[in-house]
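Listed below are the residues making up each chain.
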Amino acid sequence: MHRVPYWVYTDPDTYRRELDRFYYAGHWCYIGLEAEIPHPGDFRRSVVGERSVIMVRTQDGGVRVLENVCAHRGAQFCRERQGNRKEFVCPYHQWAYDLEGKLRGIPYRRGIRQDGQLNGGMPADFQMEGRGLTSLKVAVRGGVVFASFDHSLESFEDYLGPTILSYFDRVFDGRKLKILGYNRQRIPGNWKLMQENIKDPYHPGLLHSWFVTFGLWRADSKTSLKMDPHKRHAAMIGVRSVGKPAGDVVSGVTSYKADMSLRDPRQLDIVPEEWWKGPTAVMLTLFPSLIIQQQVNSLSMRHIQPRGPGVFDFVWTHFAFEDDSDEMIQRRLLQANLFGPSGYVSADDGEVIEFSQMGFQEKPDQQCLLEMGGHDSEEATNIASETLIRGMYQYWRRVMGV
Amino acid sequence: MYTELLQLYAEYTATVDAGNWDRWPEFFTEDCVYKLQPRENHERGLPLATLHFHSKGMLQDRVYGIRETLFHDPYYQRHVVSLPRVLAVDRGRWFLEANYAVFRTKLGEISTVFNVGRYLDEVVRVDGALKFASRFCIYDSEMIPNAIIYPI
């Protein structure tokens with residue numbers, strides 16, 4: 001598994017099958033953070049694949065994820081991004097649903113009284129029961145909400161596997177989260193390219209000068225590359241190298257700027273945190289829809305929202321912890337300049353993904369080479385390796401049957 | 001005075017449209033704030049910005065980034081900026097608001113609407129010249145078309 005044909009990124013039928021097999025069945029998809037809906041009735045819209053869903057806090061404090069499609073005529077009834085509701089009412093014919101998604105009201109269900117008679121209305125044997133909104137299976141862990149249309153799905157914990165779960169729990173260990181804000185970008189590339197980008201430790205020390213020059217991620221960093229047993233999820237774990245790099249680490253690396261320094265160093269005022277337990281960066285890719293970023297003091301959820309074979313939306317939710325000091329929150333916010341659609345080490349990821357997609361569209365039968373670090377997909381401890389991408393495609397082939 | 005403010009706006013626009021990046025930080029005070037922020041974050045009081053710089057030094061670092069470290073598809077940008085509305089004047093500080101639309105043109109491509117929003121500005125006089133003490137670019141555009149590299 002060390003070649004990927006370009007059509008894998010461009011073929012519309014393949015893309016449809018991916019939605020069905022990865023997003024609409026068999027996989028937990030990221031929805032949002034509990035901190036976004038703290039009070040009963042709070043809701044926020046999200047997506048699973050291309051399908052619109054609503055994450056809602058119910059009266060008993062639980063979290064529901066409901067499909068944003070009216071059971072009557074299929075209208076995507078909720079158009080607000082977020083808010084607070086006692087019930088959801090479709091504007092078309094005012095069918096009303098409670099926060100659990102159960103159908104509670106149908107206007108003129110018993111018909112209309114005319115000349116002393118009830119005319120029209122639903123048939124007498126019509127049942128409200130079972131006519132509610134499609135309710136997804138929900139998993140909440142450490143304040144993070146995942147959902148699936150597939151109610152036969154394994155538990156979220158089994159889905160991640162013990163290794164990846166331990167890195168998930170490293171960030172989400174029960175501390176209350178504080179939402180710092182959002183960034184949204186539309187990237188003209190196939191959604192898998194973003195998973196690959198964060199399973200690729202080979203590029204950061206080459207594409208991103210900030211990483212090389214300030215030692216955040218470079219060839220002499222202590223790195224380990226880990227996977228779940230299915231090889232669909234991964235963790236790229238790094239330790240910052242402090243000091244000038246040795247010659248062979250940066251020889252020929254044109255992005256390394258020996259004389260680069262910051263006029264205002266507050267943007268890289270890194271303060272180690274106890275909960276890191278060593279690594280200064282852990283980038284988690286949870287297949288298919290989420291990247292969890294801890295890169296020094298900056299934390300974000302990056303939600304992959306496919307919109308066709310050649311384009312996806314990438315939605316960033318930056319967060320802090322409720323018990324952070326004001327100084328730490330300011331630090332996280334300043335380091336956010338590195339990330340997002342304008343970030344020093346992220347803006348160019350979107351750009352190169354667009355360039356790859358342009359290449360793919362020209363010649364569907366040509367193939368990508370994935371031979372860095374060999375041909376297999378074992379865990380590794382160096383950056384010159386594409387093992388995590390090979391692992392993901394092994395899994396992809398199995399599920400897709402190709 | 002208003003004519004002088006208009007000239008500041010016109011010069012800023014001409015500078016960022018010409019790609020004259022070295023001149024861009026010179027429109028700001030030493031301890032300026034420059035912020036490029038989605039409207040949702042601004043209106044809900046969420047502090048995250050797409051870019052958030054707290055000094056002229058950070059703006060100069062951004063210029064270095066544009067020139068030397070950020071790999072990107074080259075593009076032209078063209079701002080159309082409304083007349084500024086004076087919100088308040090307080091002890092020599094002018095608080096202003098102006099709408100903007102930025103068009104992007106990539107090599108060999110048609111021009112597209114890139115980013116639309118409003119400036120929220122605070123202008124002061126430093127050594128005789130008007131400077132931005134703060135410039136917030138609050139954008140309506142719900143999606144950034146891939147990346148924003150150059151200053152708005």
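Computed from a prediction, not measured in an experiment: that's the story for all the values here.

1. Things to note about the pattern of salt bridges
Pairing is possible between side chains that carry opposite charge, provided their charged atoms lie close to one another.
Consideration 1: As enumerated under the stated definition, the model contains 40 salt bridges over all chains in all.
Consideration 2: For arginine 175 of chain A, the salt bridge is made with aspartate 173 of chain A, and the minimal N-O distance between the two is 2.8 Å.
Consideration 3: Here lysine 106 of chain B ties to aspartate 73 of chain B by a salt bridge, and the two come within 3.0 Å at their closest N and O atoms. With lysine 106 of chain B in strand E5 (residues 93-106) and aspartate 73 of chain B in the loop between helix H3 (56-69) and strand E3 (75-81), the pair connects residues that are 33 residues apart, well separated along the chain. The two residues lysine 106 of chain B and aspartate 73 of chain B agree in class, both being buried.
Consideration 4: Three or more residues are tied together by salt bridges with common partners; here these are Glu36, Arg44, Arg81 and Arg184 of chain A together with Glu40, Arg44 and Glu142 of chain B.

2. What to know about the nonpolar core
Consideration 1: One finds Phe168 of chain A together with Tyr34 of chain B to be the most contacted residues of the largest nonpolar core, which totals 138 residues.
Consideration 2: Taken domain by domain, this core gets at least three of its residues from each of domain 1 (29-138) and domain 2 (161-400) of chain A.
Consideration 3: If sequence neighbours within four positions are ignored, phenylalanine 168 of chain A has contacts with Arg141, Val144, Phe146, Phe156, Leu160, Leu284, Leu286 and Ile292 of chain A.
Consideration 4: Grouped together as the second largest cluster of nonpolar side chains are 17 residues, Leu66, Phe88, Ile106 and Leu133 of chain A included.

3. Some details on the environment of glutamate 351 of chain A
Consideration 1: By the element assignment, glutamate 351 of chain A lies in helix H8 (residues 347-362).
Consideration 2: For the pair glutamate 351 of chain A and glycine 391 of chain A, spaced 40 residues apart in sequence, the C-alpha separation works out to 25 Å.
Consideration 3: When neighbours within four sequence positions are excluded, glutamate 351 of chain A is seen to be in contact with Phe71, His72, Asp73, Asn146 and Ala147 of chain B.
Consideration 4: At a separation of 2.7 Å, a polar atom in the side chain of glutamate 351 of chain A contacts the main-chain amide nitrogen of aspartate 73 of chain B.

4. Considerations on the UniProt feature "domain: SnoaL-like" (unreviewed entry) in chain B
Consideration 1: Under the UniProt annotation, the feature "domain: SnoaL-like" (unreviewed entry) is placed at residues 2-135 of chain B.
Consideration 2: With 28% helix and 47% strand, residues 2-135 of chain B has end C-alpha atoms that lie 18 Å from one another.

5. As for helix H1 (residues 12-23) of chain A
All names here are of chain A.
Consideration 1: Taking 1.5 Å of rise per residue, the 12 residues of H1 would be expected to cover 16 Å, and the 15 Å separating its terminal C-alpha atoms lies within 8% of that figure.
Consideration 2: Along H1, the residues classified as buried are Thr14, Tyr15, Glu18, Leu19, Phe22 and Tyr23. Viewed along the axis of H1, the buried residues span an arc of 145 degrees, placing them on a single side of the element.

6. A look at the layout of surface pockets
Think of a ball as big as a water molecule: rolled over the atoms, this probe shows where empty space is left.
Residue and element names in this part refer to chain A.
Consideration 1: Of the voids in this model, the largest pocket is the one considered here, and its volume is about 690 Å³.
Consideration 2: Lining the largest pocket we find 28 residues, and of these Arg45, Ser46, Val47, Arg184 and Gln305 sit closest to its centre.
Consideration 3: Sorting the residues of the lining of the largest pocket by element identifies strand E2 (29-33), strand E3 (42-48), strand E4 (51-57), strand E14 (177-187), strand E19 (298-306) and strand E20 (312-321) as the ones contributing at least two each.
Consideration 4: Considering every element that reaches the lining of the largest pocket, the biggest residue donor is E3, with four residues.
Consideration 5: Both domains that meet at the lining of the largest pocket, namely domain 1 (29-138) and domain 2 (161-400), each give it at least three residues.
Consideration 6: Taken as a whole, the second largest pocket encloses approximately 490 Å³ of empty space.

7. Points about helix H2 (residues 156-171) of chain A
Residues and elements named next belong to chain A.
Consideration 1: Across its 16 residues, H2 extends only 16 Å between first and last C-alpha, which sits more than 12% below the 22 Å expected from 1.5 Å per residue.
Consideration 2: Remark: the principal bend of H2, roughly 100 degrees, maps to proline 162.
Consideration 3: Taken as a whole, H2 has its buried residues at Phe156, Tyr159, Leu160, Gly161, Ile164, Leu165, Tyr167, Phe168, Arg170 and Val171.

8. Looking at the UniProt feature "domain: Rieske" (unreviewed entry) in chain A
Consideration 1: Mapped onto the present numbering, the UniProt feature "domain: Rieske" (unreviewed entry) falls on residues 28-114 of chain A.
Consideration 2: Along residues 28-114 of chain A one finds 0% helix and 43% strand; the C-alpha atoms at either end are 51 Å apart.

9. Side note on the domain arrangement of chain A
All names here are of chain A.
Consideration 1: Domain annotation of chain A identifies domain 1 (29-138) and domain 2 (161-400).
Consideration 2: On a C-alpha basis, the centroid separation for the pair domain 1 and domain 2 is 37 Å.
Consideration 3: The interface is formed by 11 residues belonging to domain 1 together with 15 residues belonging to domain 2.
Consideration 4: At the boundary of domain 1 with domain 2, total buried surface from both sides reaches about 1,100 Å², with 64% on carbon and sulfur atoms.
Consideration 5: Per-residue buried area on domain 1 facing domain 2 is highest for Tyr30, Leu33 and Ala35; these three make up 47% of the total on that side.
Consideration 6: In this structure, the connection of domain 1 to domain 2 is made through zero salt bridges.
Consideration 7: At the junction of domain 1 and domain 2, the tally comes to four residue pairs in polar contact (both at pLDDT 80 or more).
Consideration 8: Breaking the side of domain 1 that touches domain 2 down by element, the ones donating at least two residues are E2 and E3.
Consideration 9: Within the side of domain 1 that touches domain 2, the residues separate by chemical class into five nonpolar, two polar and four charged.

Procedures and definitions
Residues numbered from 1 in each chain as written. Chains lettered and ligands numbered in written order. Predicted model: local features only at pLDDT ≥ 70, side-chain atom pairs only at ≥ 80, totals over all residues. Heavy atoms only, no water. Salt bridge = Lys/Arg side-chain N within 4 Å of Asp/Glu carboxyl O. Helix = DSSP H or I, 4+ residues; strand = E, 2+ residues; numbered from the N terminus. Buried < 20%, exposed > 50% of the residue type's maximum accessible area, 1.4 Å probe, protein only. Core = buried A, V, L, I, M, F, W, Y, C linked by side-chain atoms within 4.5 Å. Domains from an automatic or database assignment. Contact = heavy atoms within 4.5 Å. Polar contact = N/O pair within 3.5 Å; in protein donor to acceptor, adjacent residues only side chain to side chain. UniProt positions renumbered as here; feature names shortened; annotations may be inferred. Expected span 1.5 Å × (residues − 1). Arc of directions from axis to C-beta. 1 Å grid on protein atoms, 1.4 Å probe; cavity = no way out; pocket = protein on both sides within 12 Å on 5 of 7 lines; lining within 4 Å. Points joined across faces, edges and corners; volume = space filled by probe spheres on them. Bend = angle between axes of the 7 residues up to and from the residue. Buried area = accessible area lost by both parts, 1.4 Å probe. Nonpolar A, V, L, I, M, F, W, Y, C, P; charged D, E, K, R; others polar.

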